[in-house]
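# Structural characterization, general
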Amino acid sequence: MSVRAPDVANRIVLDEKEMPTRWYNIQADLPFPGSPPLHPGTRQPIGPQDLAPLFPMELIKQEVSQERYIDIPQPVQEALRLWRPTPLMRATRLERELKTTAKIYYKYEGVSPPGSHKPNTAVAQAFYNKAEGTKRLATETGAGQWGSALAFAARIFDLECMVYMVRISYEQKPYRKSMMQVWGATVVPSPSELTNAGRKIRAEHPDSTGSLGIAISEAVEDAATRDDTKYSLGSVLNHVLMHQTIIGEEAMVQMERAGAMPDLVVGCVGGGSNFSGLAFPFLRDRLQGKTRTRFLAVEPDACPSITRGKYTYDFGDTGEMTPLVKMHTLGHGFIPDGIHAGGLRYHGMAPLVSALVDHGFIDGVAYPQRTVFDAAVQFARTEGTIPAPESAHAIRAVIDEAVKARERGESPVILFNLSGHGLLDLAAYDAYFAGTLSDVALSETRIKELVGAL
Ligand SMILES: *Cc1c(COP(=O)(O)O)cnc(C)c1O
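In this report, we go over the structure that sits alongside the text. Source: prediction; values computed, not measured. (Residues numbered from 1 in each chain as written. Predicted model: local features only at pLDDT ≥ 70, side-chain atom pairs only at ≥ 80, totals over all residues. Heavy atoms only, no water.)

Another aspect to go through is the overall build of the protein chain. Per the secondary structure count, the protein chain includes 18 helices and 15 strands. For 454 residues, the compact-globule formula gives about 22 Å, and the C-alpha radius of gyration of the protein chain, at 21 Å, lands near that figure. Taken along the three principal axes of its C-alpha coordinates, the protein chain extends 70 × 50 × 45 Å. Burial analysis of the protein chain (454 residues in total) assigns 62% to the buried set. Summarising the internal contacts of the protein chain: among those between residues at least 6 apart in sequence, 76% fall at separations of at least 24. Charge-centre separation for the protein chain: the mean point of 47 positive side chains lies 4 Å from the mean point of 52 negative side chains. (Helix = DSSP H or I, 4+ residues; strand = E, 2+ residues; numbered from the N terminus. Rg over C-alpha atoms; globule rule 2.2 N^0.38 Å. Buried < 20%, exposed > 50% of the residue type's maximum accessible area, 1.4 Å probe, protein only. Contact = heavy atoms within 4.5 Å. Lys, Arg positive; Asp, Glu negative; His and termini not counted. Charge placed at Lys NZ, Arg CZ, Asp CG, Glu CD.)

So, about the packing of aromatic side chains. Taken as a whole, this structure holds 12 aromatic pairs when the rule is applied. Relative to Tyr128, the ring of Phe127 has its centre 5.2 Å away and its plane inclined at 65 degrees; by these criteria the two rings are edge-to-face. The pair Phe127 / Tyr128 is uniform in exposure class, with both members buried. Over the face of the ring belonging to Tyr170 we find Lys177, whose NZ or CZ atom lies 4.4 Å from the ring centre. The cationic tip of Arg284 hangs over the ring face of Tyr24; the distance from NZ or CZ to the ring centre is 4.6 Å. (Phe/Tyr/Trp six-rings, centres within 6.5 Å; stacked < 30°, edge-to-face > 60°. Lys NZ or Arg CZ within 6 Å of the ring centre and 35° of its normal.)

The next thing to look at is unusual backbone geometry. Following Arg84, the chain continues to Pro85 via a peptide bond in cis, the omega torsion being -5 degrees. Inspection of the secondary structure assignment puts Pro85 in the loop between helix 3 (74-80) and strand 4 (88-90). Phi angles above zero are rare outside glycine, and Arg43 is one such case at about 60 degrees. The residue Arg43 is located in the loop between strand 2 (22-24) and helix 1 (48-51) in this model. A positive phi angle is found at Lys99, which is not glycine, with a value near 50 degrees.

For sheets, the rule is that strands pair by backbone hydrogen bonds, running either parallel or antiparallel. Here we have four strands laid out as an open sheet, ordered 8-7-6-9, and parallel in their pairing. Strands at the two margins of the open sheet, each flanked by one partner only, are strand 8 (186-190) and strand 9 (229-231). For this sheet, the mean inter-axis angle between neighbouring strands, taken without regard to orientation, is 25 degrees. Pairing analysis gives five bridges linking strand 7 (residues 160-166) to strand 8, with the strands arranged parallel. Paired with Val163 across the strands is Val187, a residue of strand 8. Helix 6 (residues 145-156) contacts strand 6 (136-141) and strand 7 of the sheet and is inclined by roughly 165 degrees relative to strand 6. Lying over the sheet, helix 10 (residues 212-224) contacts strand 6, strand 7, strand 8 and strand 9, oriented at roughly 170 degrees with respect to strand 6. (Pairing = 2+ DSSP bridges. Axes fitted to C-alpha atoms, helices over the stretch in contact; angles between N-to-C directions.)

Listed below in structure tokens is the structure:
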């Protein structure tokens, strides 16, 4: 008697040998011209030499590459295989609870050692730096996910790692700091006394709790002023988004195997990297006119760059040291309220995501944090996994879409990125249960002020 495979696959895992061996570069397929980054001083388009103090040449090349596919180097593949390929799951228990006619799938990136999608690019960046002689990496981190991913990757490729961690998170989220220290990184609260950018802020605002924009200024200054050190960014840049496309390339094979191609792809967006990582391989087919898949980027009400920001040239940091890039932004001076989804508190958005939003290929939606935690708890109580507060934004949108589908009698296939687990965010869940979480939306007046100043 032969055993038949079940009609419904709930957990689709790939063999190690099936891990994709190249990244997808969406720049090769864009049906519109890009907007070049501008030099912060001259406001002229920058060249590779302008970026050379900060990044290894291979990453600078990837940043502007028009090649559709770029091979993943063997040592990077080997590092990725510590946790990849990641599983793709069908959320059948959540579907049943919602009584939805939609099919819901998620790609789970929380299985990496640091617990999120971020090491997908961290290991690639550490590798290229090592290959070009860098001894030390400097970076910033908000809630600590990026810092922990880079600390882990720096350890794999035997580099020193210096992390400027937004002061409020340093004080409120000590365990991410502990993880970075376990992997051997040095962590300082930002603003710090170690850089001009940090000292300047502290002189003006001695009690500053920091922001991602300030921490970026500190890390960039550290790298620009030391020969042995380069800078590493965990989101926003083209090469970072490209490194994340391994998520979508795997998901494509897994969805094919499940016999379901997505009608809707959903991800949360801070700088845009986990969303793009899942979405871009599916967008490739849409750009070539082969599918009509919808793409939905979900952001917090407290930091709504896509839904309420302006699409214009702005700095990536508070200190005006980075190049100007064209993106959806709330202004580089904007310090978002201290919501628990720390990874979504960035004033800007990846230029590639911004351009695709502007041309109508990606839609945006924003949610206040309490309703996001409602969704997080509902997900944990059905699917088991406790999501990161960032990822829970995607879950909120997926639940709402699934309920709409039921009301309309439609049965779309929905795929979302569960970008990380929330096991180091339990204090945020405590606050939710204690009823002390507040919803902090930006008023129309404040948005007008912020965007008007650009
Ligand atoms: C950092 C982070 C995000 C936000 O960053 P993106 O670049 O927009 O992906 C989302 N989810 C998790 C779990 C994160 O750690």
